[in-house]
Amino acid sequence: MSEEHKHPSVDVYLRVAAALVILTVLEVGAFYVPAFRPVLVPVLLVLSAAKFALVVMFYMHLKADNKFFTFLFGAPLLLAVGVMAALLFLFFGALTLRGAAGAG
Amino acid sequence: MVGPYPHEILNIPFTSVSTFDLLMSSLMMVLALAAVQRGDMRWGKIWLFSTALLGLVFLGGQVIEFTEFVHKGLTMSTNLFGCTFFVLTGTHGAHVAIGVLWLLTLWVRALQGKLGPANAMTVEISGLYWHFVDVVWIIIFTVVYLIQ
């Protein structure tokens, strides 16, 4: 139990903070650089997912905890992402059908 | 359909500073926990107060932003963006406010000598709440502000 509950060192905390700052700078940079426009959404999602993972794994020390907690956190998260994706397809699908019906 | 719309009103540089502020508050929080765990209550108090202070700064930024948006004609009833924006960021701000009160309570207890390594779990749990607030903002900043 105590092995699983080891906390990262201050050095790790500082490195994670530096990484979070760099990732945020990259996010804002990608927003302002025109060349990223075609791939802006996936780039931003990947960068924010990386920030999310760093905070959860190290600051909330999920990485050092029992793997059951990773499942407890990750499974509902996957479910939530799946529901959001389904809603996106539903609404975009409805818009497409409405557009096709209007044209026809 | 009426404006203002996201690209007309969102201030990315200003919100980027708020994001940095909240990220740094998470760092302060883990430093506070580390200090309490090793029994260094002087730094524990300093980091706890710093976390709460950065949370207050973030809330101040939200107040400024909300006020500016209302003056520019964006309210909860203006359009769908206004409704979802204020509900989402307002709810998040309420959670930050609760977190600030929680942290200040811990800070006062530390000043009274009632917080130490024996009850470091108290600080850890408050830290988990604070990081959750930060993580939600990471998502909001990306999805609402950057992916307009």
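Counting restarts for each chain, with residues numbered from 1 along the sequence as it is written. Chains carry letters and ligands carry numbers; both start at the beginning, A for chains and 1 for ligands, and go up in the order they are written. Side-chain atom pairs in this predicted model are given and counted only at pLDDT of 80 or more, local residue features only at pLDDT of at least 70, and totals for whole chains, interfaces and linings cover all residues.

### Structural notes on the environment of G116 of chain B
All names here are of chain B.
- Numbering of helices and strands starts at the N terminus; helices are DSSP runs of H or I of at least 4 residues and strands are runs of E of at least 2. By secondary structure assignment, the location of G116 is in the loop between α4 (80-111) and α5 (120-146).
- Through-space distance from the C-alpha of G116 to that of S25 is 21 Å; in sequence the pair is 91 residues apart.
- For G116, the contacting residues outside a window of four places in its chain are V36, G39 and M41. Note on contacts: residues are paired as contacts if their backbone-placed C-beta atoms lie within 7 Å.

### Description of helix α3 (residues 41-71) of chain B
All names here are of chain B.
- For a helix, the expected span equals 1.5 Å multiplied by the number of residues minus one. With 31 residues, α3 ought to run about 45 Å at 1.5 Å a step, and its terminal C-alpha atoms sit 45 Å apart, in line with that.
- Regarding α3, the residues found buried are G44, K45, W47, L48, S50, T51, A52, L54, G55, F58 and F69.
- Looking at the buried residues of α3, the elements they touch are α1 (6-9), α2 (12-37), α4 and α5.
- Positive backbone phi, at 100°, marks G73, one or two positions downstream of α3. Around each residue's C-beta, the other C-beta atoms within 10 Å are counted; 20 or more make the residue buried, 12 or fewer make it exposed, and counts in between make it partly exposed. All C-beta atoms are placed from the backbone.

### Digging into the nonpolar core
- Ranked by size, the top nonpolar core spans 46 residues in total, and within it V30, L31, A32, L33 and L48 of chain B carry the most contacts.
- At the level of elements, α1 (10-32) and α2 (40-59) of chain A together with α2, α3, α4 and α5 of chain B are the ones that each hand at least two residues to this core.
- Sort the elements by how many residues they give to this core and α2 of chain B lands first, with twelve residues.
- Other than its neighbours up to four places away in sequence, V30 of chain B contacts Y13 and Y59 of chain A together with G127 of chain B. Note on terminology: a nonpolar core is a set of buried residues of type Ala, Val, Leu, Ile, Met, Phe, Trp, Tyr or Cys, with members joined through C-beta atoms within 7 Å.

### Re unusual backbone geometry
Residue and element names in this part refer to chain A.
- Here the phi dihedral of H61 falls at roughly 35°; this positive angle occurs in a residue that is not glycine.
- Structurally, H61 is set in the loop between α2 and α3 (67-103).
- You can call H61 buried: it has 21 C-beta atoms within 10 Å.

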